[in-house]
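Take a look at the letters that make up each chain.
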Amino acid sequence: MAIQQEDNDILLPKIYSMWPEGDDGVNVTQEAWVKGEFFNKEQTIKIYKHPQYGYIKVFMGEEGYIHGYPIKTLYSQNLISVIRDFSDKDIVRLCKLLRSNHSIFNFALGNYPYSPIGFAEKFWIEKFKILKLPIDAFSDFNYSVCWTLLFRLTRQVLKLQISIIAPFAKIELLKDEYIDENLIKQIEHILIENDYILLSDKQLQLEVEGIELDNSQKNINVSRCLFEEY
């Protein structure tokens, strides 16, 4: 049984691959190449979600041969303790890594940390029901890389955005300047219980140099990388 660990950064979950004993994966690899979607700009890698094996990654070599294997993400059990200790430099480094490596970005988008994406909003709404507040969800993945929840209070509307590609969240007030610190702490507690960290305004504005996004070529910051640019 062969195990391959892909090149990755210590700030990201480790990705491992493994075919079951006695299965060479030839037929599944061919199916994945036919049905999968291109995963990089050079169109040499495809990803396909197989009903039995989960996500299959297929490479096409220079001579046209394809090689594929199932990919699984193993998340550190102490992930929250790791990201809690992230410095500003670590956060910027993670943003740059995700946005400069097309394959890592797309794999993270489909898998981190809840899959499939379409059901994650229901997951988060259930988690925040304990607050007993009206909650609306209006995530639009044409323009963003996050789930968006609106908490409607008497005097204000609070927007919570939870990144799909990294374990971070941010809060924005849409009405009134009054900040309910107790509510913020409750939201932060729920996020921490689910291995997410709430970023400060200062952290969100940190500049990320050396990359270009589809809708932004300059003034790229952490907020755009993790929440705003698909």
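None of these values were measured; they are calculated from a predicted model.

Student: Please give an account of the packing of aromatic side chains that cites residues and values.
Tutor: Tallied over the full model, the rule gives eight aromatic pairs. Arranged with centres 5.2 Å apart and planes meeting at 85 degrees, the rings of Phe-123 and Trp-124 form a pair that is edge-to-face. On the basis of relative accessibility, which here comes to 26%, the residue Phe-123 falls in the partly exposed class. Residue class for Trp-124 comes out buried when judged on its relative accessible area of 0%.

Student: Outline the pairing of strand β8 (residues 146-152), listing residues and values.
Tutor: β8 sits mainly inside the fold: six of its seven residues count as buried. Where β8 meets strand β9 (residues 157-163), seven bridges bridge the pair, whose relative direction is antiparallel. The residue of β9 that forms the bridge with Thr-148 is Gln-161. Connecting the antiparallel pair β8 and β9 is a turn made up of four residues.

Student: Residues and numbers for the pattern of salt bridges, please.
Tutor: The final tally for this structure, using the stated rule, is five salt bridges. The salt bridge involving Glu-126 is made with Lys-129; its shortest N-O contact spans 2.9 Å. On the basis of relative accessible area, Lys-129 is assigned to the partly exposed category, the value being 48%. Between Asp-136 and Arg-152 there is a salt bridge, with the nearest N and O atoms lying 2.5 Å from each other. With a gap of 16 residues between them, Asp-136 in strand β7 (residues 135-137) and Arg-152 in strand β8 connect regions that are remote in the sequence. In this structure Asp-136 comes out as partly exposed when scored by relative accessible area, which is 32%. A residue is classified by how much of its surface remains accessible, and Arg-152, at 38% relative accessible area, is partly exposed.

Student: How would you explain the packing of helix α5 (residues 120-128) against helix α6 (residues 181-193) if you had to name every residue and give the values?
Tutor: Contact pair α5 / α6: the axes reach a minimum separation of 10 Å and the direction vectors enclose 125 degrees. It follows that α5 is oblique to α6 by the angle criterion. Remark: the crossing between α5 and α6 carries right-handed chirality. Between α5 and α6, the residues in contact are Trp-124, Lys-127 and Phe-128 and Ile-187, Ile-190 and Leu-191, respectively. Partitioned by chemical class, the residues of the contact of α5 with α6 number five nonpolar, no polar and one charged.

Student: Go over the nonpolar core with me, naming the residues and quoting the values.
Tutor: The biggest cluster of nonpolar side chains holds 26 residues, and the ones touching the most others in it are Phe-168, Leu-199, Val-208, Val-222 and Leu-226. Among the elements of the structure, α3 (88-100), α4 (102-111) and α8 (222-228) are those that each provide at least two residues to this core. The biggest single contributor to this core is α3, with five residues. Once residues lying within four places of it in the same chain are set aside, the contact partners of Leu-199 are Ile-91, Phe-168, Ala-169, Leu-204, Val-222, Leu-226 and Phe-227. Judged by nonpolar contacts, the second largest core, of 21 residues, contains Ile-135, Ile-162, Ile-164 and Ile-184.

Student: Can you lay out the sheet that holds β8 for me, pointing to particular residues and giving the numbers?
Tutor: Taken in spatial order, the five strands make up an open sheet running β7-β8-β9-β10-β11, and their pairing is mixed. Looking along the sheet, the strands with just one partner apiece sit at the ends: β7 and β11 (197-198). In the sheet, β9 pairs with strand β10 (residues 168-173) via five bridges, with the strands oriented antiparallel. Paired with Gln-161 across the strands is Lys-170, a residue of β10.

About the criteria used
- Residues numbered from 1 in each chain as written.
- Predicted model: local features only at pLDDT ≥ 70, side-chain atom pairs only at ≥ 80, totals over all residues.
- Heavy atoms only, no water.
- Phe/Tyr/Trp six-rings, centres within 6.5 Å; stacked < 30°, edge-to-face > 60°.
- Buried < 20%, exposed > 50% of the residue type's maximum accessible area, 1.4 Å probe, protein only.
- Helix = DSSP H or I, 4+ residues; strand = E, 2+ residues; numbered from the N terminus.
- Pairing = 2+ DSSP bridges.
- Salt bridge = Lys/Arg side-chain N within 4 Å of Asp/Glu carboxyl O.
- Axes fitted to C-alpha atoms, helices over the stretch in contact; angles between N-to-C directions.
- Parallel < 35°, antiparallel > 145°, perpendicular 65-115°, else oblique.
- Left-handed = near helix turned anticlockwise from the far one by under 90°.
- Contact = heavy atoms within 4.5 Å.
- Nonpolar A, V, L, I, M, F, W, Y, C, P; charged D, E, K, R; others polar.
- Core = buried A, V, L, I, M, F, W, Y, C linked by side-chain atoms within 4.5 Å.

Geometric values such as these leave the question of function open.
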